[in-house]
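So the chains spell out like this:
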Amino acid sequence: MASAPLERSDAAAVCRLARLCVFAASSWNAFQDHFSLAEWDDLARVAAEPNPFCESWNLAPALERFARERNVALVSLQVSGELCGLMPLARAARYFGYPLPNMGNWSHDNMFVGSPLVRSGYEEAFWRELFSWADAHAGGAMFLHLGWIAEDGPLLRALSQVADRQNRAWGVVQREERALLHSGLGPQEYLEAAMSGKKRKELRRQHKRLAEEGELRFERRGDQADVDRWIEEFLALEQAGWKGRNRTALADDSRTCNWFAQTLHGASAHGRLERLTLTLDGKPIAMLANFITPPGAFSFKTAFDERFARFSPGVLLQLENLDLLEREDVAWCDSCAAADHPMIERIWREKRAMVRVNVAIGGPLRRALFRPILRAESRGKARGA
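Predicted model only: the values in this text are computed from it and were never measured.

Cut-offs applied
Residues numbered from 1 in each chain as written. Predicted model: local features only at pLDDT ≥ 70, side-chain atom pairs only at ≥ 80, totals over all residues. Heavy atoms only, no water. Helix = DSSP H or I, 4+ residues; strand = E, 2+ residues; numbered from the N terminus. Rg over C-alpha atoms; globule rule 2.2 N^0.38 Å. Buried < 20%, exposed > 50% of the residue type's maximum accessible area, 1.4 Å probe, protein only. Contact = heavy atoms within 4.5 Å. Phe/Tyr/Trp six-rings, centres within 6.5 Å; stacked < 30°, edge-to-face > 60°. pLDDT = per-residue confidence, 0-100. Salt bridge = Lys/Arg side-chain N within 4 Å of Asp/Glu carboxyl O. 1 Å grid on protein atoms, 1.4 Å probe; cavity = no way out; pocket = protein on both sides within 12 Å on 5 of 7 lines; lining within 4 Å. Points joined across faces, edges and corners; volume = space filled by probe spheres on them. Expected span 1.5 Å × (residues − 1).

Colleague: Help me get a handle on the overall build of the chain, residues and values and all.
Modeller: Secondary structure assignment for the chain yields 12 helices and 13 strands. Against the globule reference of 21 Å for 385 residues, the chain gives a C-alpha radius of gyration of 22 Å, in line with a compact fold. Along the three orthogonal principal directions, the C-alpha set of the chain runs to about 70 × 40 × 40 Å. Counting every position in the chain, which comprises 385 residues, the buried fraction comes to 52%. Across the chain, the fraction of contacts at a sequence separation of at least 24, relative to all contacts at a separation of at least 6, is 75%.

In structure tokens:
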């Protein structure tokens, strides 16, 4: 359903804001022609929605290793000289196997959130400028495809309002729920509410039996000390498990290995990294990396030693991770896990819905051709179509 028309005073404000806006697209490795790393980091701190995968210490190394320069750009919005929005954008010749050219937010296999970084209060301005730029630079693209944006966040809400006011067809084409930690309870209260007494008793038994195997210790670190060693041990632990057997471990590809190492160093330097480790006789048997991006957090990567699977070391480590509930600067934590994940959903009972959205761009003919595509994909459920 379309939003109400803008009041005259609102329309005038939009026009004034538009005159102050500069929207640019640059090659990802030439972004400093438009803004600095310091401005990028400042934007991340005041973003309407946190997204560590779009912060400088994460996205820049990913672009260096996974992006093809001719296909990927960084689009940015500046208002009165201040950086107010940023998103990696790519063009693709195909859309999930179909010959439908499109443009959209660029991602890679370990990028679990696709939302742009947008300064709070400038959400609608960012979408207006992006849509206008996409209309003028559509090329062969049939539509704009935006992946993995929070369904209940201010960015999707602003997108819908802008698209509806412009009578621009748009719709949700995929929706997925994943585990979320979000509660006013303390860690012990949360565990008691989430898990049966029988299961909690079993975990206590497993912890006791595991402690009988040697010296069992838990460590939580948020500093920059020993990050190199932690990264090396994590990569080895992950590769020794099922991901290594499937050749999907981070260490199986030099690009993902180097990106992971550089990203964790960057996160640590920016005060964004929390490392959890469960060791037995000084050797890690379960490890977890969290990205702390107030008011949220992201449970990024975890690994455990499968030789101790009967003691559930990964679950025991996640019980320690419930201490996030006591942090005053963290209101919620995204699991970054696939829907119906068999481990984390035994503990975290809330859900975060993430959606993929398609938006019409270009002139009247292109938009007319897009509407039946949108209706077919969203099965009549698309809003704005």
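Colleague: Any details on the packing of aromatic side chains? Residues and values, ideally.
Modeller: Taken as a whole and judged by the stated rule, the model has 23 aromatic pairs. Aromatic side chains F31 and F35 sit 5.4 Å apart centroid to centroid with 35 degrees between the ring planes, which places their arrangement in the tilted category. Here F31 and F35 have matching classes, each one buried. Relative to F131, the ring of W127 has its centre 6.0 Å away and its plane inclined at 25 degrees; by these criteria the two rings are stacked. Here W127 and its partner F131 are both found in helix α4 (residues 123–136), four residues apart, which amounts to about one turn of the helix. Residue W127 is classed as buried on the basis of its relative accessible area, which comes to 0%.

Colleague: Just give me the short version of the confidence of the model for the chain, but keep the residues and values in it.
Modeller: Per-residue pLDDT for the chain averages 93, and the proportion of residues at 70 or more is 93%. Low pLDDT, under 50, characterises residues 1–6; the stretch is placed with nine contacts to residues that sit more than four places away or in other chains.

Colleague: Describe in detail unusual backbone geometry, supporting the description with residues and values.
Modeller: The linkage connecting P294 with the following residue, P295, adopts the cis geometry, with an omega of 10 degrees. Looking at the element boundaries, P295 is found in the loop between β10 (283–293) and β11 (296–304). In this structure, F96 takes a positive phi of about 50 degrees despite not being glycine. Among the structural elements, F96 can be located in the loop between β3 (82–92) and β4 (102–105). Under the relative-accessibility criterion, F96 is labelled exposed at 54%. Despite not being glycine, C336 shows a phi value in the positive range, around 55 degrees. Looking at the secondary structure, you find C336 in the loop between β12 (332–334) and β13 (350–360).

Colleague: Quick rundown of the pattern of salt bridges? Include the residues and the values.
Modeller: Per the stated rule, a full pass over the model turns up 30 salt bridges. For the salt bridge of E177 with R175, the shortest nitrogen-to-oxygen distance reads 3.2 Å. Judged by relative accessible area, R175 falls into the partly exposed class, the value being 46%. Each of R220, E274, D323, R327 and D329 takes part in a single network of salt bridges with overlapping partners.

Colleague: I'd like a rundown of the layout of surface pockets, residues and numbers included.
Modeller: Roughly 1100 Å³ of internal volume is contained in the largest pocket. What lines the largest pocket is a set of 39 residues, among which E238, W242, K243, K301 and T302 lie closest to the centre. Secondary structure elements with two or more residues in the lining of the largest pocket: α8 (227–239), α9 (242–245), α10 (254–269), β11 and α11 (313–321). The dominant element in the lining of the largest pocket, judged by the number of residues it contributes, is β11, at six residues.

Colleague: I'd love a proper account of helix α12 (residues 364–378), names of residues and values included.
Modeller: Look at α12: 21 Å from first C-alpha to last across 15 residues, which is about the 21 Å you get at 1.5 Å a residue. For α12, the full list of buried residues reads R367, F370, L374 and S378. Turning to α12, the residues buried within the fold contact α4, β6 (143–150), β7 (170–181) and β13.

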